[in-house]
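# Examination of the molecular architecture
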Amino acid sequence: MDIIDRQNAIELGEAEALDLPKFDTYAICNLRGGIGKTTLSFNLAYYADRIIVADTCPQCNLTWFFDHDYLSHVSVSVYDMLLPHFVPGLGFATRVSRSISATNQYFEGKNAFFLPSDNQLYILPSQITTAIVQAERMTGSQQTRILDSMLFSLRDELRRELSETKTERCLIDTSPFFSGATHLAWHACDALIVPVRTDQQSINSLTLLLRMLSDPSSEFRKICPSNGHTPKIQMIVLTHCGWSTVKNARNVPNKQTKIYIEKTLDIIRQNIVHFTTDNPDNHILLLDDFLGTGRISSAKSKPIALLNVGEGMTINRVRTEVNSSVEKVKRQLKYISDSIWWEREAKIGLPVE
Ligand SMILES: Nc1ncnc2c1ncn2[C@@H]1O[C@H](COP(=O)(O)OP(=O)(O)O)[C@@H](O)[C@H]1O
Ligand SMILES: [Mg+2]
């Protein structure tokens, strides 16, 4: 299987870069919780530079990774930034991004910012719906202008934040449900990164997501902006992958992983028009089950890139250690990061060495 060969090459640091177009803004999205959206957002943030990472999930897990005390620090959130677009009379926010290194020591020296979330985002969907119903009562160009300004509110706010912080790329972590900020994230991003866990529920969520993208009567497509913007999928990241433990079979996926690689590939083949290239093999990358490494990374809010084998701590009274596959996982994460961003030289038109 080509995909497995590539994963082995990634592990050895010998994989050729994927032939993918590159974009500035990605939403990390699938319509299910507990599959690795926030973990991936946090770790990809570490590999990038000049980046803003926006937390648009009302659960605020990503915000917590960046700032454990956000409840006392954060006064202006993504919610405050978006609300004036839907409720008339409120002042617009500026410079909502916060430097990650101010509240997470592991990001010291990084030019990286985060946009904090807020559990008020749970009520944003109904505020958006009310505002859209009112806009639909208008006619002609006024209706188009107001709907566009609502649907592109997050995109426009992110552009302003990027310019104010002199950064150039953006990752948006999203909630497990579609309405509200996730809907706006689809309009704000150039492309989607879709984590799929190796289980049937995640496959079902992927199918639902593709239906949202393709069906003209879906919640996403039925209210269109004037330019008809629909993001494509850059990549499916199959998370929680496991490998065979049979002797001499080190680089063979276990049965469950194999099944979900096949299922995911089938879905990609059938929906290739929704991907950023026409080669299905380009759009699936595997991420191992992190095991103890993941638990330590979360407990310390420390990017996996900075963890070393044997580093340990006691979590819930259980001694936990960074396992020996951490180097493999680091390479997988770095490869995902390398597959989505412009090289600076390529972007500004300089020859790449
Ligand atoms: N590749 C992985 N291997 C093992 N555990 C993972 C992996 N990705 C995420 N997790 C764990 O799964 C749980 C849910 O992950 P999270 O990133 O919060 O998901 P989501 O944002 O999709 O709800 C967390 O406990 C996280 O540590
Ligand atoms: Mg999450």
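Think of each chain on its own: its residues are numbered from 1, step by step along the sequence as written. Labels follow written order: the first chain is A, the first ligand is 1, and so on. For this predicted model, a pLDDT threshold of at least 70 governs which residues receive local features, and a threshold of 80 or more governs which side-chain atom pairs are given and counted, while totals over whole chains, interfaces and linings are taken from all residues. Side-chain measures were taken over the full set of non-hydrogen atoms in the model, leaving aside hydrogen atoms and water.

Here the focus is the overall build of the protein. In this description a helix means any DSSP run of H or I spanning at least four residues, a strand means any run of E spanning at least two, and both kinds are numbered starting from the N terminus. Within the protein one finds 14 helices and ten strands. In this description the radius of gyration comes from C-alpha coordinates, and the expected globular size is given by 2.2 Å times residues to the power 0.38. A compact globule built from 353 residues would reach a C-alpha radius of gyration of about 20 Å, and the protein, at 20 Å, matches this within 12%. Each principal axis of the C-alpha distribution contributes one length, and for the protein these read about 70 × 45 × 45 Å. Two residues qualify as a contact provided that any one of their heavy atoms is within 4.5 Å of a heavy atom in the partner residue. Intrachain contacts of the protein at a sequence separation of at least 6 include 73% that bridge at least 24 residues. A residue counts as positive if it is Lys or Arg and as negative if it is Asp or Glu; His and the chain ends are not included. To locate a charge, the coordinates of NZ of Lys, CZ of Arg, CG of Asp or CD of Glu are taken. When the 37 basic and 39 acidic side-chain charges of the protein are each reduced to a single mean position, those positions are 4 Å apart.

Ordered in space as β3-β4-β2-β5-β1-β6-β7-β8, the eight strands form an open sheet in which the pairing is mixed. The two strands at the open ends of the sheet, each matched to only one other strand, are β3 (98-99) and β8 (284-288). Pairing of strand β2 (residues 51-55) with strand β5 (residues 169-173) involves five bridges; the strand directions are parallel. When the bridges of β5 are listed, V53 appears paired with L171. Against the sheet, helix α11 (residues 255-270) engages β6 (191-197), β7 (232-241) and β8, with an angle of about 170° to β7. Two strands qualify as a pair provided that DSSP identifies no fewer than 2 bridges between them. Here the axes come from fitting lines to C-alpha atoms, over the contacting stretch only for helices, and the angles between their N-to-C directions go from 0 to 180 degrees.

Right, let's get into the site of ligand 1. Inspection of the region around ligand 1 gives G33, G34, I35, G36, K37, T38, T39, H240, D288, D289, F290 and S298 as its neighbouring residues. H240 has a polar side-chain atom sitting 3.3 Å from a nitrogen atom of ligand 1. Taking F290, its main chain carries an N or O atom lying 2.8 Å from a nitrogen atom of ligand 1. Notes on ligand 1: free accessible area 560 Å², of which the protein chains cover 77%. When residues in the shell around ligand 1 are grouped by element, the largest group, three residues, is from helix α2 (residues 37-47). Classes in brief: Ala, Val, Leu, Ile, Met, Phe, Trp, Tyr, Cys and Pro nonpolar; Asp, Glu, Lys and Arg charged; the others, Gly included, polar. Its residues assigned to classes, the shell around ligand 1 shows two nonpolar, seven polar and three charged. What makes a residue near a molecule or strand is one non-hydrogen atom of that residue sitting within 4 Å of it. Polar contacts, as counted here, are pairs of nitrogen or oxygen atoms within 3.5 Å of one another; within protein the pair requires one atom able to donate a hydrogen and one able to accept it, and residues that are adjacent in sequence qualify only if both atoms are side-chain atoms. Here the accessible surface of atoms and residues is derived via Shrake-Rupley with a 1.4 Å probe, and residues count as covered only by protein chains that are part of the display.

Turning our attention to helix α6 (residues 124-136). Structurally, the α-helix is built with 3.6 residues per turn, so residues lying three or four positions apart point the same way. One less than the number of residues in a helix, times 1.5 Å, gives the span that helix is expected to have. With 13 residues, α6 should reach 18 Å at 1.5 Å per residue; the first-to-last C-alpha distance of 18 Å fits that figure. Think of it in three bands: with a 1.4 Å probe and only protein chains considered, a residue is buried below 20% of the maximum accessible area for its type, exposed above 50%, and partly exposed in between. Those residues of α6 lying buried are L124, P125, I128, A131, I132 and A135. End-on view of α6: buried residues confined to an arc of 130°, all on one side of the axis. As for α6, its buried residues are in contact with α5 (78-82), α7 (140-151) and α9 (181-188). What the arc measures is the spread of directions leading from the helix axis to the C-beta atoms.

What follows is about the nonpolar core. Soluble globular proteins: nonpolar side chains tend toward being buried together. Nonpolar cores were defined as sets of buried Ala, Val, Leu, Ile, Met, Phe, Trp, Tyr and Cys residues, with membership established by side-chain atoms within 4.5 Å. Ranked by internal contacts, the top residues of the largest apolar core, which has 63 residues, are L124, L154, W186, L192, L209, I233 and L286. Of all the elements, helix α10 (residues 200-214) adds the most residues to this core, at six residues. With near-sequence residues (within four places) excluded, L286 lies in contact with I3, I4, Q7, L238, C241, W243, I261 and Q332. Judged by nonpolar contacts, the second largest core, of 40 residues, contains Y26, A45, I193 and I336.

Attention shifts here to α7. Taking 1.5 Å as the rise per residue, α7 with twelve residues should run 16 Å; its terminal C-alpha atoms sit 17 Å apart, in good agreement. Buried residues of α7: I146, L147, D148, M150 and L151, and no others.

Below, the discussion takes up the pairing of strand β9 (residues 312-315). Pairing between β9 and strand β10 (residues 318-321): four bridges, direction antiparallel. By the bridge assignment, M313 is partnered in β10 with T320. Adjacent in sequence and paired antiparallel, β9 and β10 are bridged by two residues, among which N316 carries a positive phi angle near 50°.

Okay, the side chain of T182 next. With respect to the helices and strands, T182 occurs in helix α9. A distance of 3.0 Å separates a polar side-chain atom of T182 from the backbone oxygen of F177. Ignoring anything within four residues of it in the chain, the contact list for T182 reads C29, T174, S175 and F177.

This part covers empty space enclosed by the protein. In the cavity and pocket records, a cavity denotes points on a 1 Å grid over the protein atoms alone where a 1.4 Å probe fits but cannot get out, a pocket denotes an open set with protein on both sides within 12 Å along at least 5 of 7 lines, and lining residues are residues with an atom within 4 Å of a point. Grid points are joined across faces, edges and corners, and a volume is the space filled by probe spheres set on the points. What the rule picks out here adds up to one cavity of 30 Å³ or more. Quantified by volume, the largest cavity comes out at close to 30 Å³. Around the largest cavity sit T56, P58, L121, P125, S175, F177, S179, G180, A181 and T182, which together line it. Looking at the lining of the largest cavity residue by residue, the classes come out as five nonpolar, five polar and no charged.

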